[in-house]
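Here is what each chain is made of, one letter per residue.
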Amino acid sequence: MNVFYLFFNAAVLAGIPILFGTLGEILTEKSGNLNLGVEGMMFMGAVSGLAAVFILETAFGIEMNGFLAVFVAVLGAFIAGAFGALIYSVLVVSFRTQQNVTGLALTIFGVGFGNFFGEFLGRFSPVGFMRISASAQAGFSALRIPVLSDLPVLGPLLFNYNILVYFALFLAVVLTIFLKHTRWGNNLRAVGENPAAADAASINVSRYKYLATCVGGGICGLGGMYIAMVTTGGIWVHNAVHGFGWISVALVIFVLWNPSRAILGAIFFGALTIMRFYFPVGIPTQIFDIFPYLVTILVLVVVSIRQNKEHRPPALLGVNYFREER
């Protein structure tokens, strides 16, 4: 039973950065923008969130307690991810560049941005690499919730995680409510389904695309920051994100563009990524790494066969909107 607890906890922790990336990309794609730069925005969020805390501690001598470190890291990562998405938005929405090519270029830029500044800032650390203090790192450790953490089965399963885990779950619920039960969410979905009709209904298509894409990019940045702060323990590791952005893009399809389903999907994909550590069966590591993508392909096949409109992407996903052709 203890092995099951450990495996489930590890699956949740491994799935949270994927969940952040998935939620950000779902919000982006609901506007009709297909941003394949999730990996790049996660890299930008990873290095910026870690660097924000590192610089305040090293250059300004500010003592970072747990709460302050979390706040600064979240803010830095969100701004960096949103900035990457803003570059994408300007090119795609304003200059109408090809979305797939622009997203791939953002990935290349973001990966280079993260690795360059991660290595560069490490030169100013006494230990030779970027690392935050133990007091700052404590803000990203597991919370102990009175009474709930001591429950016999539910305690270790549900109430043994850091604050970013609960924030990601909360964000998934909020995003679900926003898209399905608010006027702004309905407007955003209309922009992704039929921007010409939305424009005719006096909905500012460009504004919705900009906002959804930039906020979505900021959320993706939080996924990278989670990896830097939790997975690698507040230490910059070269190529730390290592494909999690692409898994997030795959998970968007797997959960059929539904934020609430993304919670279970992220845990499932997280379990696939760490399964080899708990159930070694002599299979090469590379085989385990392709499991998430194989499952996504199966989902795509099933969705295509069922032809269910509810489970399809926005009708004009990846198609630029030209108002003059309305």
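Everything here concerns the structure above.
As a starting point, this report considers the structure included with it. (Residues numbered from 1 in each chain as written. Predicted model: local features only at pLDDT ≥ 70, side-chain atom pairs only at ≥ 80, totals over all residues. Heavy atoms only, no water.)

1. Regarding the overall build of the protein chain
Scanning the protein chain for helices and strands turns up 13 helices and zero strands. Helices (α) and strands (β) of the protein chain occur, in sequence order from the N terminus, as α-α-α-α-α-α-α-α-α-α-α-α-α. Its C-alpha atoms give the protein chain a radius of gyration of 20 Å, near enough to 20 Å, the size a compact globule of 326 residues would have. In terms of overall dimensions, the protein chain has a C-alpha envelope of 60 × 45 × 40 Å along the principal axes. Out of the 326 residues in the protein chain, the part that is buried amounts to 51%. Within the protein chain, contacts between residues at least 6 apart in sequence are counted, and of these 79% link residues at least 24 apart. For the protein chain, the exposed surface amounts to about 15,300 Å²; the carbon and sulfur share of it is 70%. (Helix = DSSP H or I, 4+ residues; strand = E, 2+ residues; numbered from the N terminus. Rg over C-alpha atoms; globule rule 2.2 N^0.38 Å. Buried < 20%, exposed > 50% of the residue type's maximum accessible area, 1.4 Å probe, protein only. Contact = heavy atoms within 4.5 Å. Areas by Shrake-Rupley, 256 points an atom, 1.4 Å probe, with all protein chains shown as cover.)

2. Digging into unusual backbone geometry
If you check the backbone angles, Val-147 has positive phi at about 70 degrees while not being a glycine. Using a relative accessible area of 62% as the deciding quantity, one classes Val-147 as exposed. Although it is not a glycine, His-242 adopts a positive phi angle of roughly 45 degrees. In this structure, His-242 sits in the loop between helix H10 (205-231) and helix H11 (244-254).

3. Notes on the pattern of salt bridges
If you walk through the whole model with that rule in mind, you get one salt bridge. Note that Asp-150 is salt-bridged to Arg-144, the shortest N-O span being 2.3 Å. When its relative accessible area of 48% is taken as the criterion, Asp-150 is described as partly exposed. (Salt bridge = Lys/Arg side-chain N within 4 Å of Asp/Glu carboxyl O.)

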